[in-house]
Amino acid sequence: MNDRSPHAYVIQGRGQRDYADCVAVLARVPARTTVLPFIGDEDQLISQTRDADALVTSASPITRGVMSALEGLKTVVRTGVGYDVIDVPAATELGVIVVNIPDIWVREVANHALGLLLAWNRKIITLDRHVHAGTWTSGVPGGAGSLHGETVGIVGLGNIGSAFARRIAAFETKVIACDPYVDDAHFARLGAERVSLDALAERSDYVSVHTLLNDETRHLIGEAFFRRTKPTAILINTSRGPVVDERALMRALQEKRLAGAALDVWEQEPVAADNPLLKMDNVIATPHAAYFSTPAVAQVPRRCGEEIARVLTGQRPLNVVNPEIYAPGAVRRAR
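Residues numbered from 1 in each chain as written. Predicted model: local features only at pLDDT ≥ 70, side-chain atom pairs only at ≥ 80, totals over all residues. Heavy atoms only, no water.

Caption draft 1: How the structure looks around the pattern of salt bridges. Applying the stated criterion across every chain yields a total of 18 salt bridges. Salt-bridge contacts for R194 lead to D184; the nearest nitrogen and oxygen are separated by 2.8 Å. One end of the pair, R194, is in strand β8 (residues 193–194); the other, D184, is in helix α8 (residues 184–190), and 10 residues separate them in sequence. Judged by its relative accessible area of 33%, R194 falls in the partly exposed class. The partner of E223 in a salt bridge is R257, and the shortest N-O contact between them spans 3.4 Å. A residue pair is termed long-range when its members are at least 10 positions apart, and E223 in helix α10 (residues 223–226) and R257 in the loop between α11 (246–254) and β11 (260–263) qualify at 34 residues. Classification of E223 as partly exposed rests on a relative accessible area of 22%. A cluster of three or more residues bridged by salt bridges with shared partners is formed by E223, R227, R251, E255 and R257. (Salt bridge = Lys/Arg side-chain N within 4 Å of Asp/Glu carboxyl O. Helix = DSSP H or I, 4+ residues; strand = E, 2+ residues; numbered from the N terminus. Buried < 20%, exposed > 50% of the residue type's maximum accessible area, 1.4 Å probe, protein only.)

Caption draft 2: Just the sheet that holds strand β4 (residues 75–78), in detail. Reading across the sheet, the 5 strands line up as β2-β1-β3-β4-β5 and stay open at both edges, with parallel pairing between neighbours. Taken across any chain shown, the strands that pair with only one partner, and hence form the sheet edges, are β2 (32–36) and β5 (97–99). On average, each strand axis in the sheet is tilted by 15 degrees relative to the strand beside it, whichever way the strands run. As paired elements, strand β3 (residues 54–57) and β4 share 4 bridges and run parallel to each other. From the neighbouring strand, L55 faces β4, where its bridge partner is V76. (Pairing = 2+ DSSP bridges. Axes fitted to C-alpha atoms, helices over the stretch in contact; angles between N-to-C directions.)

Caption draft 3: Expanded view of the packing of aromatic side chains. Overall, the coordinates contain 3 aromatic pairs when judged by the stated rule. Both rings, one in F225 and one in F226, keep their centres 5.8 Å apart while their planes meet at 90 degrees; by these two values the pair is edge-to-face. With relative accessibility at 5%, the residue F225 sits in the buried group. For F226, a relative accessible area of 0% gives the class buried. (Phe/Tyr/Trp six-rings, centres within 6.5 Å; stacked < 30°, edge-to-face > 60°.)

Caption draft 4: Summary view of the nonpolar core. Residues W105, L157, F164 and I308 are the most contacted members of the largest nonpolar core, which totals 57 residues. Here the element with the most residues in this core is helix α5 (residues 106–121); it accounts for 9 residues. Not counting chain neighbours up to four residues away, the residues in contact with L157 comprise S162, A165, A177, D179, V182, H186, F187 and L190. Judged by nonpolar contacts, the second largest core, of 30 residues, contains A201, L235, A252 and M280. (Core = buried A, V, L, I, M, F, W, Y, C linked by side-chain atoms within 4.5 Å. Contact = heavy atoms within 4.5 Å.)

Caption draft 5: Representation of the side chain of E246. If you trace the backbone, E246 turns up in helix α11. As a buried residue without a salt bridge, E246 has its nearest oppositely charged side chain in R247, at a separation of 8.1 Å. If near-sequence neighbours (up to four positions away) are discounted, E246 is found in contact with W266, E267, N275 and L277. (Lys, Arg positive; Asp, Glu negative; His and termini not counted.)

Caption draft 6: Structural context of the pairing of strand β1 (residues 7–11). Taking burial as the measure, the 5 residues of β1 include 5 buried ones, the bulk of the element. Of the two faces of β1, the one carrying H7, Y9 and I11 and the one carrying A8 and V10 are both buried. As paired strands, β1 and β2 are joined by 5 bridges and run parallel to one another. Along β2, the bridge assignment pairs Y9 with T34. A crossover links β1 with its parallel partner β2, the connecting element being helix α1 (residues 20–27), and its sense is right-handed. Both β1 and β3 contribute to a ladder of 4 bridges, which runs parallel. When the sheet's bridge partners are listed, Y9 is paired in β3 with L55. (Right-handed = clockwise from strand over helix to strand, strands pointing away.)

Caption draft 7: Geometry of the sheet that holds strand β6 (residues 151–155). Here we have 7 strands laid out as an open sheet, ordered β8-β7-β6-β9-β10-β11-β12, and parallel in their pairing. The open sheet has two edge strands with one neighbour each: β8 and β12 (283–285). Packed onto the sheet, helix α7 (residues 159–169) meets β6, β7 (174–178) and β9 (206–209) and runs at close to 170 degrees relative to β6.

Caption draft 8: Fine view of unusual backbone geometry. At the junction of V29 and P30, the peptide bond is cis and its omega measures out at 0 degrees in the coordinates. The step from E269 to P270 runs through a cis peptide bond, and the omega angle for that step is -5 degrees. Of note, P270 is situated in the loop between β11 and β12. For E172, which is not glycine, the phi dihedral falls at a positive 65 degrees. Relative to the elements of secondary structure, E172 occurs in the loop between α7 and β7. At K256, a residue that is not glycine, the phi angle is positive and equals roughly 60 degrees. Structurally, K256 is set in the loop between α11 and β11.

Read these as spatial facts, not as claims about activity.
Printed below as a string of structure tokens:
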């Protein structure tokens, strides 16, 4: 009989977070918790978590190889909304429950996207630099749209995209959106017009991207999209960097097929210092910080611990990414 207590490993992101609340929750199971620094190498991850029953990951890739090697692994918890660092199909095949925390910073990301839109519309950064440099002008350099009466296109109407839609509609804008996985009733509740991605590109004065990253959405916003945009349009991305093809974005900006961009997420993170987008005056850059508020971040360790505890005690987690794992006859290591 194996009376070994379960072992959960928390793999830190590139920044450090205090996981004492996670440790405390799991101690009541009882389960042991080990907190490790960021690990990007598959073999190193396997060697350091060989006896894992549960993994918590922020940025470390949890691949098929990792999950296959960790034979006792029952669940992987992603510390936020997106779960592109986890091979979900492999997890489902192997019987590993994938969990995310989809509601934890919905408002923060929606607010950040709105802040980027307003910063661009009102040229806040440019005006701030001018005043600090001793230049006083009564207008807005390069002009500014009125915002009210303009069209805002939203790519992805999940929790965050919907929160952004409600916020931007309050500015008396026309809201259009593209999301083939959301029903018409939800569009109607938000007062958003359903359009194709091509129509969204053609009609929008501002485009805000809020879709998950997967094989379908990688480089979804690319050359074909930018061929259709207004030369006065602005792109805002607070979802995942690879949803936008940065090379295509650079060309669109250089060729003046797009007026500007405001990016919180990047194809490579941390963004390379020599990334040409950082040298463009018409690009606002932030460091994947849209999710952050002190209260929201403080909840993460406890929420992760609670979801792991549910799995280890035979309960269903609140937020299962691969619910088919609970279908009759499905393989599940948690049993």
